[in-house]
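Reading the structure
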Amino acid sequence: MDVFKYKNYEHYKKSQVDANVKKFKFIWVSEDTCKHVYAAKPDAKTVLCHGCRNGAEIKHLQKLFGEGVEVIGTDISHTANDVADMVEWDFHKVNEEWVGKFDLLYSNSFDHSYDPETCLDTWIGQLNENGVLCIELMVGVNNNSTEMDPLKLNLEEFKQMVEARGYKVDESLLHTTKGDIHDYEGRLTVSRRI
């Protein structure tokens, strides 16, 4: 595992906000990936998506889950305030209103974490007892540690992190992901409480 070293928190936040604004119209999540996220917990009534930039995953998941299911997203950038069903929030930070609330948590932004241990603790803390964690990991040329995407880790490292927190990656649900618009490849992981 490699994590880019920022000068301080303000450096991290500025890098993330600047990247968000620059790439605001880019869509990284695919409809196919969202179908696999939905299949991991089709009975979910509360869904949280972290690092949503322009809310594309929220729209995909709202369509799949249908009426009556709460799907909300976060982004560290002020642009979140202009997107329906989004909240401006740093996903490393605990929001007391979200602790133990969600049936399903999805993110393709774990590689944007400057502190993956804290991040994962926070995310798992937002899941209820039967909650499912769906994290899309970057692979190949997309898996690197840079100022914009500070976290580089492989699947085995991720598995160790979730297992240390009482979750286990469901090997039967690993799925290779491709972007609908931008060329990237990822690996969707589905983790459940042991």
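Residues numbered from 1 in each chain as written. Predicted model: local features only at pLDDT ≥ 70, side-chain atom pairs only at ≥ 80, totals over all residues. Heavy atoms only, no water.

A word on the layout of surface pockets
Each pocket or cavity is described by its volume, and for the largest pocket that value is around 540 Å³. Taken together, 32 residues form the lining of the largest pocket, with Trp28, Arg53, Ser109, His112 and Asp149 sitting closest to its centre. For the lining of the largest pocket, the secondary-structure elements that each account for two or more residues are helix H1 (9-22) and helix H3 (56-65). Residues that form the lining of the largest pocket fall into these classes: 15 nonpolar, ten polar and seven charged. (1 Å grid on protein atoms, 1.4 Å probe; cavity = no way out; pocket = protein on both sides within 12 Å on 5 of 7 lines; lining within 4 Å. Points joined across faces, edges and corners; volume = space filled by probe spheres on them. Helix = DSSP H or I, 4+ residues; strand = E, 2+ residues; numbered from the N terminus. Nonpolar A, V, L, I, M, F, W, Y, C, P; charged D, E, K, R; others polar.)

Structural notes on the nonpolar core
With 27 residues, the main nonpolar core has Phe110, Trp123, Leu133, Ile135 and Phe158 as its most contacted residues. Taken together, the elements giving at least two residues each to this core come down to H1, strand E5 (102-107), helix H4 (116-125), strand E6 (127-138), helix H5 (155-163) and strand E8 (167-169). In contact with Ile135, not counting residues within four places along its chain, are Leu105, Ser107, Phe110, Trp123, Phe158, Arg187, Leu188 and Thr189. Ranked by size, the runner-up nonpolar core spans 23 residues in total, among them Val37, Cys52, Leu104 and Leu188. (Core = buried A, V, L, I, M, F, W, Y, C linked by side-chain atoms within 4.5 Å. Buried < 20%, exposed > 50% of the residue type's maximum accessible area, 1.4 Å probe, protein only. Contact = heavy atoms within 4.5 Å.)

Some words on H1
With 14 residues, H1 extends 20 Å between its outermost C-alpha atoms, agreeing within 8% with the 20 Å of an ideal straight helix rising 1.5 Å per residue. When H1 is considered as a whole, its buried residues turn out to be His11, Tyr12, Ser15, Gln16, Val17, Ala19 and Asn20. Buried positions along H1 lie against strand E3 (70-75). The backbone nitrogen of Glu10 lies 3.2 Å from a side-chain oxygen of the residue at the head of H1, namely Asn8. (Expected span 1.5 Å × (residues − 1). Polar contact = N/O pair within 3.5 Å; in protein donor to acceptor, adjacent residues only side chain to side chain.)

Details of the packing of aromatic side chains
A ring pair, where both rings are aromatic, is described by two values, the distance of the centres and the angle of the planes. A full pass over the atoms with the stated rule returns eleven aromatic pairs. Measuring from centroid to centroid gives 5.2 Å for Tyr6 and Tyr12, while their planes differ by 80°, and the two rings are edge-to-face. Across this residue pair, the class does not change: Tyr6 and Tyr12 are buried. Counting every residue linked through ring pairs, the aromatic cluster contains Phe4, Tyr6, Tyr9, Tyr12 and Tyr114. (Phe/Tyr/Trp six-rings, centres within 6.5 Å; stacked < 30°, edge-to-face > 60°.)

Comments concerning unusual backbone geometry
Positive phi values are uncommon outside glycine, yet Arg53 reaches one of about 50°. A positive phi angle, near 65°, is found at Asp85, a position not held by glycine. The topology assignment puts Asp85 in the loop between E3 and strand E4 (86-88).

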